[in-house]
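Survey of secondary and tertiary structure
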Amino acid sequence: MSVKVWLRKNFLPVYTTLAILALLVLIISNIRLMGSIQKVSALKTAEIYVSSLEKFRTLYTSEVVESAVKNGMFARHDYKDHSNSIPLPATLTIKLGEEIGRQEDGLSATLVSGHPFKHRKGDVRLDEFNQEALDFFRDSPNRPFYRFVLKDDRFMLRYSKADIMRESCVACHNSHPQSPKTDWQVGDVRGALSVSLPLNDKSNQSVGIVRERIISSSILGILLFLIGLQLVNWLKEE
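In this report, we go over the structure that sits alongside the text. (Residues numbered from 1 in each chain as written. Predicted model: local features only at pLDDT ≥ 70, side-chain atom pairs only at ≥ 80, totals over all residues. Heavy atoms only, no water.)

A few points about the overall build of the chain
On a plain count of helices and strands, the chain comes out with six helices and six strands. If you list the helices and strands of the chain from N to C, you get α-α-β-β-α-β-α-β-β-α-β-α. Relative to its 238 residues, the chain shows a buried fraction of 32%. Accessible surface, the chain as shown: approximately 15100 Å² in total, 58% of it carbon and sulfur. (Helix = DSSP H or I, 4+ residues; strand = E, 2+ residues; numbered from the N terminus. Buried < 20%, exposed > 50% of the residue type's maximum accessible area, 1.4 Å probe, protein only. Areas by Shrake-Rupley, 256 points an atom, 1.4 Å probe, with all protein chains shown as cover.)

Dropping the structure here:
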């Protein structure tokens, strides 16, 4: 029996199999595309959050803390308990990260240090991920460190960027009476700015567009399959 004759006799099962395979390939490729877009979008969002915290801390140090200290004020972690005091840059950065977490469900942002002040030793924020990030930054301070993880039944992006000592930071830390390290140099890695971001953000427009594409292409594939079956039946009747 020739291939041509065999195909004529088995056209319907062959056609059905090929149509199903094509539809599955289309759905799987679109799902993978959606996952890739979701991850890229999450990485970009995390970078924006981290960069914002970084710029805030630098600006607060240079424009507020330096001026305040020159005018006789003190930068302390327990500024609420002392008059004539303002928050340390790290303290205010952490508080800003906590406020961001309260505003966005599942989102958290924080600053961790490899040389924490005495009052922050044993800090629960320095978990396994953040410790891995600090270890990573010793060799690669200019590269971000991130992981996609499952936490509390939610897929999360954990993203961290090295907190580099700048000139204004060095002057403050090396002269602060409570500083655990007083030989900082410009460019040293003091700690890490970290963000945890949920990946199931329904407001993500790019993901929504791909999801619509999956649904529409699946419906179109099913319709074409049904039309093909109807055409086959019509040809047989002829």
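On we go.
Things to note about the sheet that holds strand β5 (residues 154-164)
Taken in spatial order, the four strands make up an open sheet running β3-β6-β5-β4, and their pairing is antiparallel. Edge positions in the open sheet fall to β3 (108-113) and β4 (145-151), since each of these has one partner strand only. Taken pair by pair, the neighbouring strands of this sheet meet at an average axis angle of 20°, ignoring direction. Pairing of β3 with strand β6 (residues 189-198) involves six bridges; the strand directions are antiparallel. Directly across from L111, in β6, lies its bridge partner L193. Running over the sheet, helix α3 (residues 89-103) touches β3 and β6 and is turned about 155° from β3. (Pairing = 2+ DSSP bridges. Axes fitted to C-alpha atoms, helices over the stretch in contact; angles between N-to-C directions. Contact = heavy atoms within 4.5 Å.)

Details of the nonpolar core
By size, the foremost hydrophobic cluster in this structure holds 16 residues, and its most contacted members are L157, V195 and L197. Those elements giving two or more residues to this core turn out to be α2 (11-70), α3, β3, β5 and β6. With four residues, α2 is the single largest residue contributor to this core. Residue contacts for L197: discarding those within four places in its chain leaves A42, T45, A46, Y49, L107, F155, M156 and L157. (Core = buried A, V, L, I, M, F, W, Y, C linked by side-chain atoms within 4.5 Å.)

Focus: helix α4 (residues 128-139)
Along α4, the positions that sit buried rather than exposed are F129, N130, A133, L134 and F137. Down the axis of α4, the smallest arc covering the buried residues is 140°, so these residues share one side. Within α4, the exposed residues directed more than 90 degrees away from the buried face are E128, R138 and D139. Packing partners of the buried residues in α4 comprise β3, β4, β5 and β6. (Arc of directions from axis to C-beta.)

Considerations on the pairing of β5
Along any regular strand, the residues point their side chains to alternate faces of the sheet. Pairing geometry for β4 and β5, over seven bridges, is antiparallel. Of the residues in β5, the one forming a bridge with V149 is M156. Taking the residues that link successive antiparallel strands as the turn, the β4-β5 hairpin has two residues, and the phi of D152 there is positive, at about 55°. Where β5 lies against β6, nine bridges are found, and the strand directions are antiparallel. Within the sheet, the bridge partner assigned to K161 lies in β6 and is L193.

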